[in-house]
Amino acid sequence: MTKMDRMTSAAALPLNTILAGDCVEAMASLPDACVDLIFADPPYNLQLRGDLRRPDNSRVDAVDDDWDRFASFETYDTFTRTWLREARRVLKPDGAIWVIGSYHNIYRVGAALQDEGYWLLNDVIWRKSNPMPNFRGKRLTNAHETLIWASRSEGAKYTFNYEALKALNEGIQMRSDWVLPICSGGERLKNADGVKAHPTQKPVSLLHRVLVGCSKPGDVVLDPFFGTGTTGAVAKMLGRDWIGIERDAGYREVAEARIAGVRKFDKAALEVSRPKRAEPRVPFGQLVERGMLRPGETLVSSTGKSAKVRADGTLVGLDVKGSIHQVGAALEGAPSCNGWTYWHFVKDGQTVPIDVLRQQIRSEMAEHG
């Protein structure tokens, strides 16, 4: 497909659809710069040799599928660079990618990401609270996997909902080590024979954290190794559009049934905590223009200071004139002042912060934006 063909097909982006086939070929059918975020769970190339058995000689249901078999490290590296190159093409300039892996492949993936022009932002350790034990007792229990978060290029203005992740972590800055359980119990999908549908199904909690932290409602999330559709299910719940790519018909069937049963959260539930600087700017003068405060009206502070509103949106208090911030700082003898929380107006005998009026305007802007 030529660049012009891709641009023409941009309007027909296959949103909320699982594309059947090879991930590279499927991505090649997508237009340039069409997705906001990629979550990729590629084959780990576990290099298993023979059956894995427990101490009682029972066989462990490990990853032995054909899709995880590569003839050599060189073959795996070629595969990795090929899909990463195509993934970078479909990412928007300010897009980002998350790739998950184990010690078998993540270091090779990390080098390929850098070689292909991505800019590494963090590596995250997913520490499993309930890991599978090491049955042979010859190595440490593999209790974690590694995720790499990278922007499309250095300087990209990628989405990072810092306040939302902080809120998820009880008000403490989110760290790069995440303690979450592996997929088990009722969350583990089973096929018609009662056998787990996919050997490496990722938990909803992991994708929830990634999508809440690094995307916005309405964003397009691509998963080129869709499996049984955890990315699509979480994206749908969180109001994101998604595109999945999966070559295995059995996995596609499970994923489609799973996602069909998912309900999107309502609009209010999709709102997340945002930093103040991300909210739309509302000049104090707009409150005056709209008659929410009138020229000559007196504003008061909790410390007993007062000032009058002027027609141009400035204040005058004693011999001080200026913005709500300048006048507040001068009256308090402070280097700075947040006038929105410092000044109050009187309503029904109660003093109310003028910030309440600013938030009212912001709500109106959101409704009509």
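The model shown is predicted, which means the values in this text are computed figures rather than measured ones. Numbers given for residues are sequential positions, taken from 1 along each chain in its written order. A pLDDT threshold of at least 70 governs which residues receive local features in this predicted model, and a stricter bar of 80 or more applies before side-chain atom pairs are shown or counted, although totals over entire chains, interfaces and linings include all residues. Only hydrogens and water are set aside; all other atoms, that is, all heavy atoms of the structure, feed into the side-chain values.

Undergrad: Is there a simple way to explain the sheet that holds strand β2 (residues 35-40) in this structure?
TA: Pairing between the strands of a sheet is mediated by backbone hydrogen bonds and can be parallel or antiparallel. A pair of strands counts as paired when DSSP detects no fewer than two bridges linking them. Strands are runs of DSSP state E lasting at least 2 residues, helices are runs of H or I lasting at least 4, and numbering of each runs from the N terminus. Across the sheet, 8 strands lie side by side as β1-β8-β7-β2-β3-β5-β4-β6; this open sheet has mixed pairing. Both edges of this open sheet fall to β1 (17-20) and β6 (177-180), since each of them pairs with a single strand only. For this sheet, the mean inter-axis angle between neighbouring strands, taken without regard to orientation, is 20°. As defined by bridge partners, strand β3 (residues 91-101) adjoins strand β5 (residues 144-151) across 6 bridges and the pair is classed as antiparallel. Among the inter-strand pairings, Ala96 is bridged to a residue of β5, identified as Ser151. The criterion used for residue contact is that any of the two residues' heavy atoms lie within 4.5 Å. The convention used is that axes are lines fitted to C-alpha atoms, helices contributing only their stretch in contact, and that angles between N-to-C directions extend from 0 to 180 degrees. Across the face of the sheet, helix α3 (residues 73-90) comes into contact with β2, β3 and β7 (220-223) while running at roughly 145° to β3. Lying over the sheet, helix α7 (residues 230-237) contacts β2, β7 and β8 (241-246), oriented at roughly 170° with respect to β8.

Undergrad: How do you make sense of the packing of aromatic side chains when you look at a structure like this?
TA: Here the distance between the centres and the angle between the planes together describe a pair of aromatic rings. Only centres within 6.5 Å qualify two rings of Phe, Tyr or Trp (six-membered ring in Trp) as a pair; their planes then separate them into stacked at under 30 degrees, edge-to-face at over 60, and tilted for everything else. Inspection of every chain in the model, using the stated rule, returns 11 aromatic pairs. For the ring pair Phe284 and Trp340, a centre distance of 6.1 Å and an interplane angle of 65° mean the geometry is edge-to-face. Here Phe284, found in helix α10 (residues 284-289), pairs with Trp340, found in helix α12 (residues 339-342); they are 56 residues apart in sequence, far enough to count as distant. Classification of Phe284 as buried rests on a relative accessible area of 6%. Seen from their ring centres, Tyr342 and Trp343 are 4.8 Å apart, and the 85° between their planes marks the pair as edge-to-face. Note on accessibility: Tyr342 and Trp343 belong to one class, buried. A network of ring pairs unites the aromatic residues Trp98, Trp149, Tyr158, Phe160, Tyr162 and Trp178 as a single cluster. Over the ring of Trp126 we find Lys128; its NZ or CZ atom is 5.2 Å from the centre of that ring. By definition, being over a ring means that NZ of Lys or CZ of Arg is both within 6 Å of the ring centre and within 35 degrees of the ring normal. Above the ring of Trp178, the side-chain terminus of Arg209 is found at 5.0 Å from the ring centroid. Under the scheme applied here, a residue whose accessible area is under 20% of the maximum for its type counts as buried, over 50% as exposed, and between as partly exposed, the area being computed with a 1.4 Å probe on protein chains only.

Undergrad: Just checking my understanding: could you explain α7 for this structure?
TA: One turn of an α-helix holds 3.6 residues; hence residues three or four places apart share an orientation. Counted residue by residue, α7 has 6 buried out of 8 residues, so it is predominantly covered. Among all positions in α7, only Thr230, Thr231, Gly232, Ala233, Val234 and Ala235 are buried. With its phi angle positive at about 75°, Gly239 sits one or two positions after the end of α7.

Undergrad: Please clarify how the packing of helix α6 (residues 204-214) against α7 should be interpreted in this entry.
TA: Relative orientation and spacing of two packed helices are given, respectively, by the angle between their axes and the distance between those axes. Where α6 meets α7, the axes come as close as 9 Å, and the angle between the chain directions of the two elements is 55°. Classed by the angle they form, the pair α6 and α7 counts as oblique. The interaxial crossing formed by α6 with α7 has right-handed handedness. In contact with Val204, Leu207, His208 and Leu211 of α6, α7 contributes Thr230, Thr231, Val234, Ala235 and Met237. A breakdown of the residues in the contact of α6 with α7 according to their chemical character gives 6 nonpolar, 3 polar and no charged. If an angle is under 35 degrees, it is roughly parallel; if it is over 145, roughly antiparallel; if it lies from 65 to 115, roughly perpendicular; otherwise it is oblique. Two helices crossing with the near one rotated counterclockwise from the far one by less than a right angle form a left-handed crossing, whereas a clockwise rotation gives a right-handed crossing. Any residue outside Ala, Val, Leu, Ile, Met, Phe, Trp, Tyr, Cys, Pro, Asp, Glu, Lys and Arg is labelled polar, Gly included; the first ten of those are nonpolar and the last four are charged.

Undergrad: Would you explain the pairing of strand β4 (residues 119-128) in this entry?
TA: As defined by bridge partners, β4 adjoins β5 across 8 bridges and the pair is classed as antiparallel. Across the sheet, the residue bridging to Trp119 is Ser151, located in β5. Across 4 bridges, β4 lies against β6 in parallel orientation. Bridging from a neighbouring strand, Lys128 pairs with Leu180 of β6.

Undergrad: What is the right way to read α6 from this model?
TA: The element α6 is largely enclosed, with a buried count of 8 among its 11 residues. Buried residues of α6: Leu206, Leu207, Arg209, Val210, Leu211, Val212, Gly213 and Cys214, and no others.

Undergrad: I tried to follow the nonpolar core on my own but got confused; where do I start?
TA: Across soluble globular proteins, nonpolar side chains have a tendency to be buried as a group. Take the buried residues of types Ala, Val, Leu, Ile, Met, Phe, Trp, Tyr and Cys, join any two whose side-chain atoms come within 4.5 Å, and each joined set is a nonpolar core. Core analysis: the biggest nonpolar cluster contains 34 residues, and Leu37, Trp98, Leu147, Trp178, Leu206 and Leu211 have the highest contact counts within it. Broken down by element, this core gets its largest block of residues, 6 residues, from α6. When neighbours within four sequence positions are excluded, Trp98 is seen to be in contact with Leu37, Ile38, Phe39, Ala40, Val124, Leu147, Ile148, Trp149, Trp178, Val210 and Cys214. Formed by 32 residues, the second largest nonpolar core is a distinct cluster that contains Leu19, Ala26, Val35 and Leu84.

Undergrad: Explanation requested: the environment of Asn169 in the structure shown.
TA: As for its placement among the helices and strands, Asn169 is situated in the loop between α5 (162-168) and β6. Among the polar contacts listed, one links the side chain of Asn169 to the backbone oxygen of Ile172, at a separation of 3.2 Å. Here a polar contact means two N or O atoms within 3.5 Å. Within protein one must be a hydrogen donor candidate and the other an acceptor candidate, and residues neighboring in sequence count only if both atoms are side-chain atoms.

Undergrad: Sorry, what's going on with unusual backbone geometry here?
TA: Residues other than glycine predominantly adopt negative phi, and peptide bonds predominantly adopt the trans conformation. The backbone phi angle of Ala33 is positive, close to 50°, even though this residue is not glycine. Along the chain, the position of Ala33 falls in the loop between α2 (23-28) and β2. Classification of Ala33 as partly exposed rests on a relative accessible area of 34%. In this model, Glu170 sits at a positive phi of 55°, which is unusual for a non-glycine residue. For Glu170, the location among the structural elements is in the loop between α5 and β6.

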